[in-house]
Amino acid sequence: MSFDETRISAKEAAKILKTIYNLEGEITLLNGEVDFNYEVLSANSEKYLLKISRPNFEQEYIDYQIDLLKHINKNSNIELPKIIYTNDNKKSSIFRDRYGKKRSVRLMSWIDGRLWSSVNPITETLRFELGQMSSQITKALENFKNSYADRKIEWDISRSLWIENHLDKFDTKKNKILKKFINDFKDNLKEYVKLEKSVIHNDINDNNIIVTKDLLNPRVKSIIDFGDSVYSHTINDLAITCSYGIMNLNDPLSGCLDIVRGYNKNRKIKDNELKLLYNLIAMRLAISVTKSAINRYNEPDNKYLFISEKSAWNLINKWDGINAEFAYYSFRKACSMDGHPNKKKFIRWAKKSNFSIKDLLPDINKSKLYNLDLSIGSKWLGSRREIEDLDFFQYKIENLQKKFPDQVISGGYLEPRPIYTSSSYEKDGNNGEESRTIHLGLDFWVPEGTRVGCIYDGEIVSAVNDEGNKEYGGLVIVKHKFQDYEFFSLYGHNKVSSVLKNKIGSKVRRGQIIAEVANYPENGNWATHLHFQIMHSMLDFKIDFPGVCYSNQKDVWEDICPDPNILLKNKTLSPKKKQTKKEIINYRKQHIGRSLKLHYENPLRIVRGDGVYLIDDQGRKYLDTVNNVAHVGHENEDVISEGRSQMSVLNTNSRYLHDSINHLTKELLGTVPKSLSVVHYVNSGSEANELAIRMMKAHTGNNDIVVAQHGYHGNTNVCVDISSYKFDGKGGNGAPKNTHVIRIPNKFNREHKGSKINDRYVNEIKNKINKIMKSKGGLGGFIIEPIISCGGQIELPRGFLKKAYNVIRKNGGICISDEVQVGCGRIGKSFWGFQAHNVIPDIITIGKPLGNGHPIGAVICTKEIAESFANGMEFFNTFGGNPVSCSIALEVIKTVKSKKLQENARTIGTYLKNELIKLSKEFKIIADVRGEGLFLGIEFLDSKKNPLSIEAKYIVNRLKDFGILSNVDGPFNNVIKIKPPMIFNKSNCQSFLKYLKIVLKEDFVSKSF
Ligand SMILES: Cc1ncc(COP(=O)(O)O)c(C=O)c1O
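Presented here is a report on the structure given in the accompanying data block.

Rules of the game
- Residues numbered from 1 in each chain as written.
- Predicted model: local features only at pLDDT ≥ 70, side-chain atom pairs only at ≥ 80, totals over all residues.
- Heavy atoms only, no water.
- Near = heavy atom within 4 Å.
- Polar contact = N/O pair within 3.5 Å; in protein donor to acceptor, adjacent residues only side chain to side chain.
- Areas by Shrake-Rupley, 256 points an atom, 1.4 Å probe, with all protein chains shown as cover.
- Helix = DSSP H or I, 4+ residues; strand = E, 2+ residues; numbered from the N terminus.
- Nonpolar A, V, L, I, M, F, W, Y, C, P; charged D, E, K, R; others polar.
- Disulfide = S-S within 2.5 Å.
- Buried < 20%, exposed > 50% of the residue type's maximum accessible area, 1.4 Å probe, protein only.
- Expected span 1.5 Å × (residues − 1).
- Bend = angle between axes of the 7 residues up to and from the residue.
- Pairing = 2+ DSSP bridges.

**So, the site of the ligand**
1) Next: Taken together, Ser-684, Gly-685, Ser-686, Asn-689, Tyr-712, His-713, Gly-714, Glu-785, Asp-818, Val-820, Gln-821 and Lys-848 make up the full set of residues adjacent to the ligand.
2) Next: Here Gln-821 contributes a side-chain N or O atom positioned 2.7 Å from an oxygen atom of the ligand.
3) Next: With the chains in place, 85% of the 390 Å² that the ligand exposes on its own is no longer accessible.
4) Next: The element that contributes the greatest number of residues to the shell around the ligand is helix H21 (residues 685–700), accounting for 3 residues.
5) Next: Tallied by class, residues from the shell around the ligand come to 2 nonpolar, 7 polar and 3 charged.

Quick look at the structure:
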């Protein structure tokens, strides 16, 4: 009988429902492999699940499922479907279909929620909860007995060897993978049959897991459909849960660990179960793809059967790439066991041993060790250029050695290092790109040619030139035995000739010379040192072994590669305890002003900047799309170098003659119209605006100023008084007497539309001026940004500034352009924001970008204003214009020019803006994409044009999870600002767009429109 012939339409189902349950309502056919399932929405808004069996069902099977549900309902507090009794008070009923075949009918209460398969994103928390839910089911079924459960079904992993007969249905590559899993299963059988058994659900797949409807904080609510449950090995349920719960992940093992952790909370998983888990997951997937292959012939019209086939194969391929032994150790660690079973035994043995550094480095007659900090934020390490300059690195090591002649420079076990954060060490994890940063060995920075002794008696298992891998150069690995266990020691970065003298399989004794330390490039291109590492296992590595690992796998690698210092027992080398994030936060809470906010719900501990990236203490790289202070790139080498050189020669105030202040002034004046010819230096944007207002008062004799709504100009008294963003915002007291706020002249404004838009806003200015004149009679001026940043990257309408400046000047005021955010080439089409509006201000204020992170600001004004300001009162600024600041700023401007960064802002900014506009067609919540160059804004509104601030915050937080830093702003906090370092390139844009798109598809965002 074909699938179509057995199908019962929704209309027929409605009739059946009425007859058997006296219920009427809307009926929708759902997916289902065995039964036909229908969602029923009754007239009184109650929901039910109607199940109609296929023909030739077994009543015993129906009763079994009903019993099972009852048992779990009694033995757990999981919300599960409850059986609805028929008109004649039965748990199920029978009817005959149009072919006269008997069909069973059951009705159950509906579990409200969403299917796991429809939930996006599946987070770590959800996977953890899924694990917990799965084990709750295991627990609830512990004592369930029913002879029907002993049935044989193909989905039972314990009986999975039937798939062997179908291997011919797969191509060679697939066949080979499946065969490998099948052979491993056979090899494990002896152990497997000994594992605990119970009745299990046996089908915790993504269409049987119910998640709550809460889109922001979803929870796993229930597991449904016990139709496949059997008496089998208990651990199978976890294997099945995992095999579906990790579908479509870049890093399935990591996803699996979330589930295992959750499962272990309610039911402690035994070591012998964990040992087989990797293979059992593989076997469930193998059953699934075999079933799909078979079903293709039998029921080609039943699409439900093929849904997961592609994903399953993707997962099988990835799973095949994971080492089974490593997975086992990872599972152990996830269950709070030692990752490697020998961990404690090794520590006990090593602690009792009498090894010392002399065994390893017999030429080095020193017992003291100097622990060198090469961690991500190490100041000794310096910038990336310094790290990558091997000659310089070597020179620094040798200098350090001279300073501490009686100590061996060493260290680095479990140290997160920036050395490995380059893209060649990266992979796509479940949350964006991940880098291998954690160093697993101990380094000894000893001279070239230093002889290396074997730490303990053993047998050479590898002696190779590892240059091809660029990891170690000359590498030796020795296998050792202690009591009845084995471990391995690894010696890397040696002379190839010295290493190749060792014969594979030959015995070596403790202290026997097995290598000589090499210089670069022979040693794999590192400064001269020995890398010494201990491993409990070689996993499936044959001739080499990783010396670094991903930080999210640190805990398990730590147990596979124990601290080599356990053998050497030198206290200096114990990894230093650093303050935890929690401790830092707590201290800040107590002693740093509360109004100083931290970014993100879970704040980041950033310890290094590198171009477009900020890097946290574990080496996680975050693409910075928001920091316009690091104008020419975080820790730009040339800028650092200028600042450092000047700092080592002179830094004093500007009352002495020094070239730097003049050079910078000349450079700055070269970028502005001739009328702006006098510069004053300060230390921040706020100070620049503060000074500009003083100048305004000095020049016009008036205090009254016109400002834009939502404008921000700084944190000092006067700056707050002219910043609507502050005085109209939280904690503010509204506009002070002398400040006159005009509504924001907004190209995207919903109030003022049409060609008269400029006149309307200029009229607002006129009205304000009239008011000023009426009350006191004197206008000081007008301050505005060329694109209003805190207002949400608001572009001023073309022509507005020209008209506004005219009105202000006609009434005796001066015009100040706040270029703190947009200056120095950021908007691409011009060096300063005002130039894009074809106006010339009387004063421009500069801050953020000028120092690339170093505090410097500047005020450029007309000769006339400068003269009015110089009324006899000296302007002294202790730090403003000092040689270090000026050298730095000069280098910043030069870099913008020499690296053509203004042009880059224009081309890359245009590319990004266009891509975002394209995205806005697909994702309706993007109501506007605006801005110029690398100063863009994305505004989020719902279908009724309400601001979506929670959604914008969600997007920013989720982007952070994927390694992208962004921020929201605007009066409703619904605009994502994009203002990255000006070296941002196309590939950076693509990363940002890729993850933005992923997040825009997530339920909380996609369902908000
Ligand atoms: C437009 C504008 N002006 C002035 C300032 C104040 O600059 P600073 O924080 O360097 O004092 C800011 C700071 O965000 C700003 O955005």
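**Notes on the state of the cysteines**
1) Next: Taken as a whole and assessed by the stated rule, the structure comprises 0 disulfides.
2) Next: Just so you know, Cys-242 is unpaired, no disulfide at all, and the nearest cysteine sulfur is the one on Cys-256, 3.5 Å from it.
3) Next: With relative accessibility at 0%, the residue Cys-242 sits in the buried group.

**Let's talk about helix H5 (residues 172–192)**
1) Next: Over its 21 residues, H5 runs 28 Å from end to end, which matches the ideal 30 Å to within 8%, given 1.5 Å per residue.
2) Next: By the largest-angle criterion, Lys-186 marks the main kink of H5, which is about 35 degrees.
3) Next: Every buried residue of H5 is accounted for by Asn-175, Ile-177, Leu-178, Phe-181, Ile-182, Phe-185 and Tyr-192.

**Considerations on the pairing of strand E38 (residues 935–940)**
1) Next: Here E38 lies mainly inside the structure; 6 of its 6 residues are buried.
2) Next: Of the two faces of E38, the one carrying Phe-935, Gly-937 and Glu-939 and the one carrying Leu-936, Ile-938 and Phe-940 are both buried.
3) Next: With 6 bridges joining them, strand E37 (residues 926–932) and E38 adopt antiparallel strand pairing. Bridging from a neighbouring strand, Glu-932 pairs with Phe-935 of E38.
4) Next: Linking E37 to E38, which pair antiparallel, is a turn of 2 residues; within it Gly-933 sits at a positive phi near 55 degrees.
5) Next: Examined bridge by bridge, E38 and strand E41 (residues 975–978) share 4 bridges and lie antiparallel to one another. Bridging from a neighbouring strand, Ile-938 pairs with Ile-976 of E41.

**What about the sheet that holds strand E39 (residues 964–965)?**
1) Next: Pairing is mixed across the open sheet formed by 4 strands, whose spatial order is E25-E26-E27-E39. Of all the strands in the sheet, the pair left with one neighbour each is strand E25 (606–610) and E39.
2) Next: Where strand E27 (residues 621–624) lies against E39, 2 bridges are found, and the strand directions are parallel. In the sheet register, Leu-623 faces E39, and the bridge partner there is Ile-964.

**Section: the sheet that holds strand E20 (residues 485–494)**
1) Next: The strand order across the open sheet formed by 8 strands is E12-E13-E16-E23-E20-E19-E18-E21, and the pairing between neighbours is mixed. Sheet topology places strand E12 (368–371) and strand E21 (507–508) at the edges, where each strand pairs with a single neighbour.
2) Next: Bridge analysis of strand E19 (residues 474–482) against E20 gives 8 bridges, and the strand direction is antiparallel. Bridging across to E20, Phe-482 finds its partner in Tyr-485.

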